[in-house]
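One letter stands for each residue in the lines below.
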Amino acid sequence: MSAAVRPGHHETTLDEARRRARVDEDGHVFALSSSAEAQAATAEAATGEAVTGEAYVGQYPGATVEEALQYFTRKFDELYNRALLLRARVETAADSAKALRESRDALLAELDGGAWVGDTDSLRSILTALGEGIDARAVLEKEQAEKAVAEHLAVREEIVAEAERLAAADPATQHWKSAQQRMGELFDAWKAEQKKPPRLTKSQEDPYWKRFRAARSTFDKERRAFFSHRDKEHGEIKKVKEELIARAEELQHSTDFGPTTKAYHRLMDEWKACGRGARRTDDAQWTRFRAAQDVFFAARDAANAEVDAEYGANLEVKEQVLQELEKLMPFSAPDAVRDEYHALLARWDAAGRVPRGDVKRMEGALKRVQDAFREAEQAHWRRTDPETMARQNSMLAQLDETIAGLERELADARAAGDSRVIAEAEEALEARLSWRRMIAEDG
């Protein structure tokens, strides 16, 4: 039985060593089997004579029996303590199951390969138990590894799926700068995943890598094609806009303001229809195009300002004429004011042009007066036209005859006291009287 054992430490006592081994007179040490231990207590064993069931351990000449036994028990205790240390490593999962198993197998091989002075059965039991613990640890590690592999594959799938979405996007609507940056980030994420344990096998990683590589290849192909097409398109836009700039610069000193203004509007429409070119080139071209327009419109505005200054007096005359025209309204008797009305219109025409900013306002005000006079004349004509009057008189005569008949019917109904007939006669009579008033008023 082992004694003087500290936690995590084994030490074979001298008494135990005497029970487990014998030393002959030449210093040879023999380990006793379990069946031979009983003989070790006899005088025969004490004298150093051979007993059955023993194994040769080694020789420690020139020393006492105690020194020889202690020499060989120290070797056994060292092996035992290494087993205890390994047990602690197994319990704390300090190493992988593979490394722990290698250490355990080495200790077992060392135990099996030699003869020892000590409790070999206890040590063998410890190593056997360690084997079981290491096996359990290996199962757990396998489960953890499979889970980790599944997680790695899931991350790979996310990376690949996003890369495939970027590759499948419509090139015309793809935001290429941010998409290219994102594709680079996905590649960096892929490389970072490769460095994380556990490493995937080639057969596990290859299907994802092939998809990822294909997506990146498609993305790069589409990006190059897009920018190649855009560069070509930008070149064509640049050429067209150079022609528009040349035409704008040819017109910038024109003094034929009306047609040239329309020409610049057409040039602007053509410029917008071209679309955007390369930003740096397009901005520079726009500056040149705008500069040519600014030269023309600045000259036109200056000329218009001079003209407007000249037309200011005309505006004052027309404002006065407009006030006099408005005093004639509402033209209830157009024949009475016709001569004065036309005289004022003649003064209006004679006054000449007004400043550009007042043209629309003044023309609108005059139109309202003219429309009112025209409507007044038409109403007067309808009232005085012989044919119209004859038709009105005929209608009035017919209504008068109808009204007289309805009045007689109403009187009869009242005499008879028939309320229903009275109500119908009153309603019909009121309607005819209303019509007559309307016709008379129009006449």
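The present account deals with the structure reproduced in this document. Just so it is clear, the structure is predicted and the values come from calculations on it, not from any experiment.

**As for the side chain of Gln174**
Working step 1: Tracing the chain through its elements places Gln174 in the loop between α5 (120-168) and α6 (176-195).
Working step 2: In contact with Gln174, not counting residues within four places along its chain, are Leu166, Ala169, Ala179 and Phe219.

**Focus: the packing of aromatic side chains**
Working step 1: Enumeration over the complete set of coordinates arrives at 23 aromatic pairs.
Working step 2: Aromatic pair Trp190 and Trp209: ring centres 5.5 Å apart, planes at 45°, arrangement tilted. Of this pair, Trp190 sits in helix α6 while Trp209 is found in helix α7 (residues 202-251), placing the two residues 19 residues apart along the sequence.
Working step 3: For Trp209, a relative accessible area of 24% gives the class partly exposed.

**A word on the environment of Ala423**
Working step 1: Its location among the elements puts Ala423 in helix α13 (residues 419-442).
Working step 2: The exposure class assigned to Ala423 is partly exposed, which follows from its relative accessible area of 42%.

**What about the pattern of salt bridges?**
Working step 1: A complete count under the given rule lists 37 salt bridges for this structure.
Working step 2: Asp15 is the salt-bridge partner of Arg18, the closest N and O atoms lying 3.4 Å from each other. You can see Arg18 and its partner Asp15 sitting in helix α1 (residues 14-20), 3 residues apart, about one turn around the helix.
Working step 3: Judged by its relative accessible area of 35%, Arg18 is partly exposed.

**Some words on the nonpolar core**
Working step 1: Ranked by internal contacts, the top residues of the largest apolar core, which has 19 residues, are Leu322, Leu325, Leu328, Phe331, Tyr341, Trp348 and Val369.
Working step 2: Contributions of two or more residues to this core are made by α9 (279-328), α10 (334-351) and α11 (356-384).
Working step 3: Looking at which element gives the most residues to this core, the answer is α11, with 7 residues.
Working step 4: Each residue touching Trp348, except ones within four places of it in the same chain, is listed here: Lys318, Val321, Leu322, Met362 and Leu366.

**Observations regarding the sheet that holds strand β3 (residues 54-59)**
Backbone hydrogen bonds hold the strands of a sheet together, and the pairing may be parallel or antiparallel.
Working step 1: Taken in spatial order, the 3 strands make up an open sheet running β1-β2-β3, and their pairing is antiparallel. Because the sheet does not close on itself, it has two edges, and the strands there are β1 (21-23) and β3. Shown here is a sheet whose adjacent strand axes are inclined to one another by a mean of 25°, direction ignored.
Working step 2: As paired strands, strand β2 (residues 28-32) and β3 are joined by 5 bridges and run antiparallel to one another. Within the sheet, the bridge partner assigned to Phe30 lies in β3 and is Tyr56.
Working step 3: Relative to the sheet, helix α3 (residues 65-91) contacts β1, β2 and β3, its axis offset from that of β1 by approximately 135°.

How each quantity is defined
Residues numbered from 1 in each chain as written. Predicted model: local features only at pLDDT ≥ 70, side-chain atom pairs only at ≥ 80, totals over all residues. Heavy atoms only, no water. Helix = DSSP H or I, 4+ residues; strand = E, 2+ residues; numbered from the N terminus. Contact = heavy atoms within 4.5 Å. Phe/Tyr/Trp six-rings, centres within 6.5 Å; stacked < 30°, edge-to-face > 60°. Buried < 20%, exposed > 50% of the residue type's maximum accessible area, 1.4 Å probe, protein only. Salt bridge = Lys/Arg side-chain N within 4 Å of Asp/Glu carboxyl O. Core = buried A, V, L, I, M, F, W, Y, C linked by side-chain atoms within 4.5 Å. Pairing = 2+ DSSP bridges. Axes fitted to C-alpha atoms, helices over the stretch in contact; angles between N-to-C directions.

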